Amino acid sequence: MEESAFNALAEAELARVEAALEACGVDLDLETKPGGILEVEFDNGTKVIINRHSAAREIWVAAKSGGFHFRPVDGQWISGRDGQELYALLSDVVSQQSGESVRLTPA
């Protein structure tokens, strides 16, 4: 996949992730930073960083529980480590770090 095509795909997905987080009902602060970075901060001071990594053609998630890498596969973003889908992982880490049960779905 060309870098420009990947960047467009990743930017669209990051916008969907941002919309899903805004709609989830958890009290959190979202900040979009240049270069395809979405920073999520919770009331307890912990953060989740979600960003595109153009060289690897992946979306990366850094959370309290670890780092995760996702590639586009058949219309979804799938972890190369364990096959987990991006929104399932984000649901888990947002639930853990916010202390509230959350189920994120693409917006």
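Values in this document were obtained by computation on a predicted structure and should not be read as measured data.

Cut-offs used in this document
- Residues numbered from 1 in each chain as written.
- Predicted model: local features only at pLDDT ≥ 70, side-chain atom pairs only at ≥ 80, totals over all residues.
- Heavy atoms only, no water.
- Helix = DSSP H or I, 4+ residues; strand = E, 2+ residues; numbered from the N terminus.
- Rg over C-alpha atoms; globule rule 2.2 N^0.38 Å.
- Pairing = 2+ DSSP bridges.
- Axes fitted to C-alpha atoms, helices over the stretch in contact; angles between N-to-C directions.
- Contact = heavy atoms within 4.5 Å.
- Salt bridge = Lys/Arg side-chain N within 4 Å of Asp/Glu carboxyl O.
- Buried < 20%, exposed > 50% of the residue type's maximum accessible area, 1.4 Å probe, protein only.
- Core = buried A, V, L, I, M, F, W, Y, C linked by side-chain atoms within 4.5 Å.
- Expected span 1.5 Å × (residues − 1).
- Arc of directions from axis to C-beta.

Focus: the overall build of the protein
What the protein contains, in helices and strands, is two helices and six strands. Sequence-ordered secondary structure for the protein, helices as α and strands as β, is α-β-β-β-β-β-β-α. Rg of the C-alpha trace for the protein: 13 Å, near the compact-globule value of 13 Å for 107 residues, within the 12% margin. Each principal axis of the C-alpha atoms in the protein carries an extent, and together these give about 40 × 30 × 25 Å.

Describing the sheet that holds strand β6 (residues 76-79)
If you walk across this open sheet you meet the six strands as β1-β2-β3-β4-β5-β6, and the pairing is antiparallel. Sheet topology places β1 (28-33) and β6 at the edges, where each strand pairs with a single neighbour. Pairs of neighbouring strands in the sheet enclose a mean axial angle of 20°, with direction left out of account. On the sheet, helix α1 (residues 3-23) packs against β1, β2 (37-42), β3 (47-53), β4 (58-63), β5 (66-73) and β6 and is oriented at approximately 160° with respect to β3. On the sheet, helix α2 (residues 86-98) packs against β2, β3, β4, β5 and β6 and is oriented at approximately 15° with respect to β4.

Brief notes about the pattern of salt bridges
For the structure on display, the rule yields five salt bridges. We note a salt bridge from Glu39 to Lys33, for which the minimum N-O separation is 3.2 Å. The class for Glu39 is buried, based on a relative accessible area of 12%. By relative accessible area, Lys33 is classed as partly exposed at 31%. A single network of salt bridges, built from pairs that share partners, joins Lys33, Glu39 and Lys47.

Details of the nonpolar core
In this structure, Leu21, Ile50, Val61 and Leu90 are the most contacted members of the largest nonpolar core, which totals 27 residues. Those elements giving two or more residues to this core turn out to be α1, β2, β3, β4, β5 and α2. Not counting residues up to four positions away in its chain, the partners in contact with Leu21 are Leu28, Leu30, Leu38, Val40, Ile50, Val94 and Leu104.

Topic: α1
Taking 1.5 Å of rise per residue, the 21 residues of α1 would be expected to cover 30 Å, and the 30 Å separating its terminal C-alpha atoms lies within 8% of that figure. Among all positions in α1, only Phe6, Asn7, Ala10, Glu13, Leu14, Val17, Ala20 and Leu21 are buried. Projected onto a plane normal to the axis of α1, the buried residues spread over an arc of 145° and lie on a single side. The outward face of α1, more than 90 degrees from its buried face, is lined by the exposed residues Ser4, Glu22 and Ala23. If you follow the buried residues of α1, they end up packed against β1, β2, β3, β4, β6 and α2. Once α1 ends, the next one or two residues include Gly25, with phi positive near 90°.

A word on α2
With 13 residues, α2 should cover 18 Å at 1.5 Å per step; its first-to-last C-alpha distance of 18 Å lies within 8% of that length. Here α2 has its buried residues at Leu86, Tyr87, Leu89, Leu90, Ser91, Val93, Val94, Ser95 and Gln97. In this structure, the buried residues of α2 make contact with α1, β2, β3, β4, β5 and β6. Following α2 by one or two positions, Gly99 adopts a phi angle in the positive range, close to 80°.

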